[in-house]
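Structural description and commentary
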Amino acid sequence: MKTVGIVGTGVMGETHAASWLETDARLSHCSSGQFENAKRFAEKFSIEACEDLDALIAAVDVVDICTPTHLHKEMVLKAAAAGNDIVCEKPLGLTVEDCVMMIRACEEAGVKLYVAHVTRYFPEYVAAKANVAAGEIGKVAVTRFRRESFQPHNASDNWYVDLERSGGMLQDLMIHDFDLARWMAGDVKKVYAKSLVTSGEEVNFDHAMVILTHKDGAISHITGSWAQPKPRFRTSFEIAGDAGIIQWDSQEKAPLQVLMHQTEGGSGEVGLPGSPLLESPYTNQLKEFLANLKSDAPVRVDAVDALAAVQIARAAIESALTGKAVDVMAVEEVLK
């Protein structure tokens, strides 16, 4: 039985912990930047708290990284050097260069690197992908994705709104739909973005529209927002091909639940989509990762997909800042 340790005891740490308990791996350890938070987390999930990352790495087979994005690279490199397989929350890294370094380090160490792009496991997107793959709507020509939430808030340190640590809304939130658009319509060659951000003592409005030009000619329109009132979390998509169209809106059909967490120690509140399925998509993705770890069973998202999503996100950030469209290099070329 694989043993798992979670690094980071906030919202996503709790979400992953609850899901690991539904698998045949054993969640055994946790660590946090603040040991008191780790101890509270450990008590909640009946596991052992480690004083630091090194102690956790030495105690487990799989390291699950649920920390702020800017910390991912250092933690992945350290776990890979120690021979641990790794699960890392999205985005894989803050920059394209960081992601490439992480992927290469894992390849050289001979360890697996899984990236938790959980939206690929939600039933509505799974069904849409199956229809696209089966040719039910013909060749994809236009896609539209929308993801609108309230702004995340961490009482002690709201790193989510710090562009230098999270990439902001364009990277932390919209990366889900950048990945989905690429999954449905193929690789992306150009990105154009417009965003509106207002700020006072802290950012309180963040809204953006991003247009992706895919290599096969399809166009994707992606809207992201951290400007909704709590507890609103809305997602929708439309995928049009030359033989049909797929549409879905969380407000009209099988609404998504909003899971809000407030853990002790002020870890913060973040809107997370839920699912009415008996098994959570978060659990489903971890089970798929475990199956690959044990027997090389296929996974629907890999580290190269995660790198491509970060490429798109960073191009969107650059475009929003400069007002110009940004070309995206083929992911294979980036990894050479």
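Conventions we followed
Residues numbered from 1 in each chain as written. Predicted model: local features only at pLDDT ≥ 70, side-chain atom pairs only at ≥ 80, totals over all residues. Heavy atoms only, no water. Helix = DSSP H or I, 4+ residues; strand = E, 2+ residues; numbered from the N terminus. Rg over C-alpha atoms; globule rule 2.2 N^0.38 Å. Buried < 20%, exposed > 50% of the residue type's maximum accessible area, 1.4 Å probe, protein only. Contact = heavy atoms within 4.5 Å. Areas by Shrake-Rupley, 256 points an atom, 1.4 Å probe, with all protein chains shown as cover. Phe/Tyr/Trp six-rings, centres within 6.5 Å; stacked < 30°, edge-to-face > 60°. Arc of directions from axis to C-beta. pLDDT = per-residue confidence, 0-100. Pairing = 2+ DSSP bridges.

1. Notes on the overall build of the protein chain
Along the backbone of the protein chain there are 12 helices and 15 strands. A compact globule built from 336 residues would reach a C-alpha radius of gyration of about 20 Å, and the protein chain, at 19 Å, matches this within 12%. Structurally, the protein chain occupies a C-alpha span of about 55 × 50 × 40 Å along its principal axes. Within the protein chain, buried positions represent 56% of all 336 residues. Counted over contacts in the protein chain with a minimum sequence separation of 6, partners at least 24 positions apart contribute 68%. Summed over all atoms, the accessible surface of the protein chain reaches about 14000 Å², with 50% contributed by carbon and sulfur.

2. Let's talk about the packing of aromatic side chains
Inspection of every chain in the model, using the stated rule, returns nine aromatic pairs. Grouped by ring-pair contacts, the aromatic residues Tyr 125, Phe 145, Phe 237 and Trp 248 constitute a single cluster.

3. Points about helix H2 (residues 35-45)
Within H2, burial applies to Asn 37, Ala 38, Phe 41, Ala 42 and Phe 45. In an axial view of H2, the angular spread of the buried residues amounts to 135 degrees, which keeps them on one side of the axis. As for H2, its buried residues are in contact with strand E1 (3-7), helix H1 (11-20), strand E2 (26-31) and strand E3 (48-49). Ser 46 sits one or two residues past H2 and shows a positive phi near 55 degrees.

4. Thoughts on the confidence of the model for the protein chain
Of all residues in the protein chain, 90% attain a pLDDT of 70 or more, and the chain-wide mean is 91. Scored below 50 in pLDDT, residues 255-268 shows 52 contacts in the model against residues more than four places distant or in partner chains.

5. Details of the pairing of strand E11 (residues 233-241)
Strand residues, when the strand is regular, have side chains that alternate between the two faces of the sheet. The element E11 is largely enclosed, with a buried count of seven among its nine residues. The pairing of strand E7 (residues 140-149) with E11 spans nine bridges and is classified as antiparallel. Each residue of the ladder has a partner; that of Val 140, found in E11, is Gly 241. Direction of pairing for E11 relative to strand E12 (residues 244-249): antiparallel, over a ladder of six bridges. Note on E12: the bridge partner recorded for Glu 238 is Gln 247. Hairpin connection of E11 to E12: two residues between the antiparallel strands.

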